[in-house]
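Per-entry structural report
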Amino acid sequence: MPPTLATGLWELMDSSLPSAAPKCPSHPDRLAATTCSRCGTFLCSQCVVARPERLCAACLARKLSDLPASRPYSFRGALQTGWTLLRARFGLYLALTGVFALPEALVRLWVPGLQALLGFLCSTTLGLVGVLACLSCAAEAGLGRRIDWWTALRAALRAWPRAFLARLGAAVQVALFFLLLIVPGFIRWVQLCVVTPVALLEHSGSALRRSAELTAGWGWSLLGLLCAANVLLLLLVGSTALLVGEVAELAPPLLGPAVLLQTWLANVGALCVEMLMLGAYFGLKSSTERAEELLFEQDPASR
Ligand SMILES: [Zn+2]
Ligand SMILES: [Zn+2]
């Protein structure tokens, strides 16, 4: 049947009438299922990229580039990121550090003679579990996520063998290089300064080699960062050790709590240094990735 004037008009009106239901701007044939929780743009189910937060692709990219973990490296940037990560879960860090400093403090109190050696062994084995757990929480905070202490502890135990061996290897190498001469010692110290975050967050390859790759070209800035952090740590440990010495002479019954407090503070101080190095690691990683992206953009063969 040929269309009459009436049916033709009706079809024209029907197709030109705006539909009440909003459409997806990227897919005009689809109805919007929701809106972006940041910018409010209409999204079809295919265009929602971050499920729990309900973001559009542009807002997700913006959110990721705002994260502490994605800022490029600079001296100030590493300090800022380290500080942000430290503040993110400070209560949890205090609790974890306290628990893992306890065996070290007990050894220092009850095994005179061998206390220095046993305390050192405790802090490099058990203490490292606490450090890794805190760094796991901080790394997740740097990526905009939040994990509980139990998940952090499991991540720490998984990473422990790799981190322990990497730190041992780094310590031996730095010591050997210092024995050779002072300057190579400092160079190796700087090259291996992000070995712990690498061992924790990257699961394959040599952590030592990767640390040396990441730190290449940032030697002076990293040396400044390391020296400043370690001088502050030594001042903290030294002043609290003096305090414990005073307490031991003036009020022997208070020696136990004083040693416990001193060990705890020393561990918190050491964690602050590690947190700073995690901040530096994130910066170095972003800078390296950005440099690689630029390289690919300039290379016409890779397009
Ligand atoms: Zn959006
Ligand atoms: Zn869409």
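Rules of the game
- Residue numbers restart at each chain and count upward from 1, following the sequence in its written direction.
- The order in which chains are written sets their letters, starting at A; the order in which ligands are written sets their numbers, starting at 1.
- Given that the model is predicted, a residue must reach a pLDDT of at least 70 before its local features are reported, and side-chain atom pairs must reach 80 or more before they are shown or counted; all residues, however, enter totals for whole chains, interfaces and linings.
- Labels follow the DSSP assignment, with helices taken as runs of H or I lasting at least four residues and strands as runs of E lasting at least two, numbered in each case from the N terminus.
- Based on C-alpha atoms, the radius of gyration is set beside the globule rule, defined as 2.2 Å times the residue count to the power 0.38.
- We call two residues in contact if the C-beta atoms placed from their backbones are at most 7 Å apart.
- By convention the nonpolar core is taken to be a set of buried residues drawn from Ala, Val, Leu, Ile, Met, Phe, Trp, Tyr and Cys and joined through C-beta atoms within 7 Å.
- Residue burial here comes from a neighbour count, namely the number of other C-beta atoms, placed from the backbone, that lie within 10 Å of the residue's own C-beta, with 20 or more meaning buried, 12 or fewer meaning exposed, and in between meaning partly exposed.
- Boundary definitions for the domains trace back to an automatic or database domain assignment.
- Note on method: axes are straight lines fitted to C-alpha atoms, helices fitted across the in-contact stretch only, with angles between N-to-C directions ranging 0 to 180 degrees.
- If an angle is under 35 degrees, it is roughly parallel; if it is over 145, roughly antiparallel; if it lies from 65 to 115, roughly perpendicular; otherwise it is oblique.
- Gly is placed with the polar residues, together with every amino acid not listed as nonpolar (Ala, Val, Leu, Ile, Met, Phe, Trp, Tyr, Cys and Pro) or charged (Asp, Glu, Lys and Arg).
- Whether a crossing is left-handed or right-handed is set by the direction in which the near helix is turned from the far one by less than a right angle, anticlockwise for left-handed and clockwise for right-handed.

Some thoughts on the overall build of the chain
Regarding its fold elements, the chain presents eleven helices and two strands. In sequence order, the chain lays out its α and β elements as α-β-β-α-α-α-α-α-α-α-α-α-α. Over its C-alpha trace the chain gives a radius of gyration of 28 Å, far above what one expects of a compact globule, namely 19 Å for 303 residues. Dimensions along the principal axes, computed over C-alpha positions, put the chain at roughly 110 × 50 × 30 Å. Of the contacts formed within the chain by residues at least 6 apart in sequence, a portion of 58% connects residues at least 24 apart.

Some details on the nonpolar core
Membership of the largest hydrophobic core comes to 58 residues, with the highest contact counts inside it found for Leu132, Cys134, Ala138, Val194, Val195, Leu278 and Ala280. With 13 residues, the top contributor of residues to this core is helix 11 (residues 255-298).

Description of the domain arrangement of the chain
Domain parsing of the chain yields domain 1 (19-66) and domain 2 (69-287). The distance between the C-alpha centroids of domain 1 and domain 2 comes to 42 Å.

Looking at the environment of tryptophan 83
Structurally, the position occupied by tryptophan 83 is in helix 3 (residues 75-88). For tryptophan 83, a count of 15 C-beta atoms within 10 Å puts it in the partly exposed group. The spacing of tryptophan 83 and alanine 139 is 56 residues in sequence and 12 Å in space, taken between C-alpha atoms.

Observations regarding the packing of helix 7 (residues 182-191) against helix 10 (residues 219-250)
Orientation of helix 7 relative to helix 10, taken along the N-to-C sense of each, is 85°, at an axis distance of 9 Å. Taken as axis vectors, helix 7 and helix 10 run roughly perpendicular relative to one another. Residue-level inspection shows Phe186, Trp189 and Val190 of helix 7 in contact with helix 10, the latter providing Gly219, Leu222, Leu223 and Leu226. Class assignment for the residues of the contact of helix 7 with helix 10 results in six nonpolar, one polar and no charged.

Here's the deal with the packing of helix 5 (residues 115-142) against helix 6 (residues 149-180)
Where helix 5 contacts helix 6, the two axes come as close as 8 Å, and the packing angle between them is 120°. Of the possible angle classes, the one that applies to helix 5 and helix 6 is oblique. The chirality of how helix 5 crosses helix 6 is right-handed. In this structure, helix 5 uses Leu128, Val129, Leu132, Ala133, Ser136 and Cys137 to contact helix 6, whose residues at the interface are Ala152, Leu153, Ala155, Ala156, Leu157, Ala159, Trp160, Ala163 and Phe164. When its residues are assigned to classes, the contact of helix 5 with helix 6 shows 14 nonpolar, one polar and no charged.

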